Amino acid sequence: MFPSETFYEKQLPEHERDIVQLVGDFVDAKVRPVARDTEHADRYPADLIEEMKRMGIYGMRIPEPYGQGQVSTICFALVTAQLSRGWMSLGGAMGGHSVVASLLDEFGTDQQKERFLPRMSRGELRATMALTETQGGSDLQAIRTTARRNADGYMVNGTKMWISNAQRSRLIALLVKTDPRCEPRHQGMSVLLVEPGAGLTVGPPLSKLGYKGVETCELVFKDHQAPEDAVLGGKEGRGFAQMMRGLELGRIQVAGRAIGVGTAAFQAALEYAKDRTSFGKAIWRHQAVGHQLSDMATDLTAARLLLLEAAHQFDTDKRSDLTAGMAKLAASEACMRIALQAMRIHGGSGYSTEYDVERYFRDAPLMIVGEGTNEIQREVIVNQLVRRGDLG
């Protein structure tokens, strides 16, 4: 994607470098040629998803003996960026699934791991997260979905909104309140591993500005019965902390998507500026355009380095929430700026559906509002800074 490798990429073992290259080749050979038409038709990319399964992309966060072996978070982030460089929806198609796999690996009981992870590693079982509710948004402690104990386990009632891959996922990591009266509120929350069945209705796909081809739906739970062993890790009251850890990886993944889209938009603008002439010279030679390209490349490189640092911290430190939040914030805002600048460099052509830059412009806002809005992200960052007193 870039003319030179960073320190982080140079440290990757050879097999992980090969994985990133393999995915990049797949994107160039099979994704980019069909992405525009498939996206405009809002058609599910079944053939591409099957190829991603065969390549092992759905098992990247799953260690042996349940899968072929877990790759580093840096490799995972770079694969996400490669997929999103071709079409951001493919990065989204494996994102939530990978976070659920990571949650199971870190917090699941042995029985939960043995039941779900082998099939997840092959993509036979697809998984998604279900956190967001209409009235709560980024305030996860305000959720209203409940899971009340009964003789058979837990009775689940409530509604979740904006759930990606909802129609095709057969496992849902569902954030609920198992003790709605608990104070502080987060101590009364749990994650249930829910499978489709009676009392769970998946709504039709919601119409979206971008992120097309992969469905996003409402989930309605009405007296849905979940078994006794559905609680992630086997103990109630740990769900908020578990999801916060999952969101560290989720924000790294969203940042990877933003880097992928930003890279595609920058590359499109650079090539157009080299080919398009105005007043007798290539438009990149006009200072107004050349300086935009300089800013785009600088934004993208800085955000990419922050992403890789966050991925490194996720694997080496107990917490990466501050840096993961910064990476998500920086990458998504850079992506939005770059996508707009790419359209401006293309002029009227950028507004045409015959060029991919209009798709990049429509996909970019998702990363700003997804996995916690950037407004919330800034609050999280400043609270961390005040608590710590520095960046250490």
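Source: prediction; values computed, not measured.

Let us now look at the environment of Pro 45. For Pro 45, the position within the fold is in the loop between α2 (14–40) and α3 (46–54). According to the relative accessible area criterion, Pro 45 is buried, its value standing at 4%. For the pair formed by Pro 45 and Asp 139, sequence separation is 94 residues and the distance between their alpha carbons is 33 Å. Beyond its immediate sequence surroundings of up to four residues, Pro 45 is in contact with Thr 38, Trp 87, Leu 90 and Gly 213.

Counted under the stated rule, the structure contains 22 salt bridges. Of the charged contacts in the structure, one is a salt bridge between Glu 133 and Lys 160, with a shortest N-O distance of 2.9 Å. Placement of Glu 133 in the loop between β1 (127–130) and β2 (146–150) and of Lys 160 in strand β3 (residues 153–164) is noted, with a sequence separation of 27 residues between them. Take Glu 133: its relative accessible area is 3%, and that puts it in the buried class. Classification of Lys 160 as buried rests on a relative accessible area of 0%. Here Arg 149 ties to Glu 236 by a salt bridge, and the two come within 2.9 Å at their closest N and O atoms. Here Arg 149, found in strand β2, pairs with Glu 236, found in the loop between β7 (216–227) and α7 (239–275); they are 87 residues apart in sequence, far enough to count as distant. For Arg 149, a relative accessible area of 52% gives the class exposed.

Where β2 meets β3, 5 bridges bridge the pair, whose relative direction is antiparallel. Residue Thr 146 lies in a different strand from β3, and its bridge partner there is Asn 157. Linking β2 to β3, which pair antiparallel, is a turn of 2 residues.

Grouped together as the largest cluster of nonpolar side chains are 97 residues, with contacts concentrated most on Met 52, Leu 83, Leu 104, Met 120, Leu 171 and Ile 345. Per element, the largest residue contribution to this core is 16 residues, and it comes from α7. Once you skip the residues sitting within four places of it in the chain, Ile 345 turns out to touch Ala 269, Tyr 272, Ala 273, Ile 283, Val 289, Gln 292, Leu 293 and Met 296. In this structure, Ala 130, Ile 172, Leu 174 and Leu 219 belong to the second largest nonpolar core, which totals 18 residues.

What follows covers unusual backbone geometry. Residue Pro 65 follows Glu 64 across a cis peptide bond; omega there is 5 degrees. By secondary structure assignment, the location of Pro 65 is in the loop between α3 and α4 (73–86). Here the residue pair Glu 183 and Pro 184 is connected by a cis peptide bond, since its omega of -5 degrees sits within 30 degrees of zero. Along the chain, the position of Pro 184 falls in the loop between β4 (171–177) and β5 (189–194). Although it is not a glycine, Tyr 211 sits at a positive phi angle of roughly 50 degrees. Take Tyr 211: it is sitting in the loop between β6 (200–202) and β7. Residues other than glycine seldom take positive phi values, yet Asp 223 does so here, at roughly 55 degrees. Its place among the elements puts Asp 223 in strand β7.

A few words on the packing of α7 against helix α9 (residues 321–346). Running from N to C, α7 and α9 cross one another at 25 degrees; their axes reach a closest spacing of 8 Å. Relative to α9, α7 is oriented roughly parallel. Handedness of the α7/α9 crossing: left-handed. Among the residues making up the contact of α7 with α9, the classes are represented as 20 nonpolar, 3 polar and 4 charged.

Turning to the environment of Gly 239, a few remarks are in order. With respect to the element layout, Gly 239 can be found in helix α7. Taking relative accessible area as the criterion, Gly 239 reaches 1% and is therefore assigned buried. Each C-alpha atom, one on Gly 239 and one on Ala 173, is 10.0 Å from the other, the two residues being 66 residues apart in sequence.

Between the first and last C-alpha of helix α11 (residues 374–388) there are 21 Å, a value that for 15 residues agrees with the 21 Å anticipated at 1.5 Å per step. Every buried residue of α11 is accounted for by Asn 374, Gln 377, Ile 381 and Gln 384. Each buried residue of α11 sits inside an arc of 75 degrees when the element is viewed along its axis, so together they form one side. Exposed residues pointing more than 90 degrees away from the buried face of α11 are listed as Glu 375, Val 386 and Arg 387.

What counts and what doesn't
- Residues numbered from 1 in each chain as written.
- Predicted model: local features only at pLDDT ≥ 70, side-chain atom pairs only at ≥ 80, totals over all residues.
- Heavy atoms only, no water.
- Helix = DSSP H or I, 4+ residues; strand = E, 2+ residues; numbered from the N terminus.
- Buried < 20%, exposed > 50% of the residue type's maximum accessible area, 1.4 Å probe, protein only.
- Contact = heavy atoms within 4.5 Å.
- Salt bridge = Lys/Arg side-chain N within 4 Å of Asp/Glu carboxyl O.
- Pairing = 2+ DSSP bridges.
- Core = buried A, V, L, I, M, F, W, Y, C linked by side-chain atoms within 4.5 Å.
- Axes fitted to C-alpha atoms, helices over the stretch in contact; angles between N-to-C directions.
- Parallel < 35°, antiparallel > 145°, perpendicular 65-115°, else oblique.
- Left-handed = near helix turned anticlockwise from the far one by under 90°.
- Nonpolar A, V, L, I, M, F, W, Y, C, P; charged D, E, K, R; others polar.
- Expected span 1.5 Å × (residues − 1).
- Arc of directions from axis to C-beta.

Taken by themselves, the reported measurements are silent on function.
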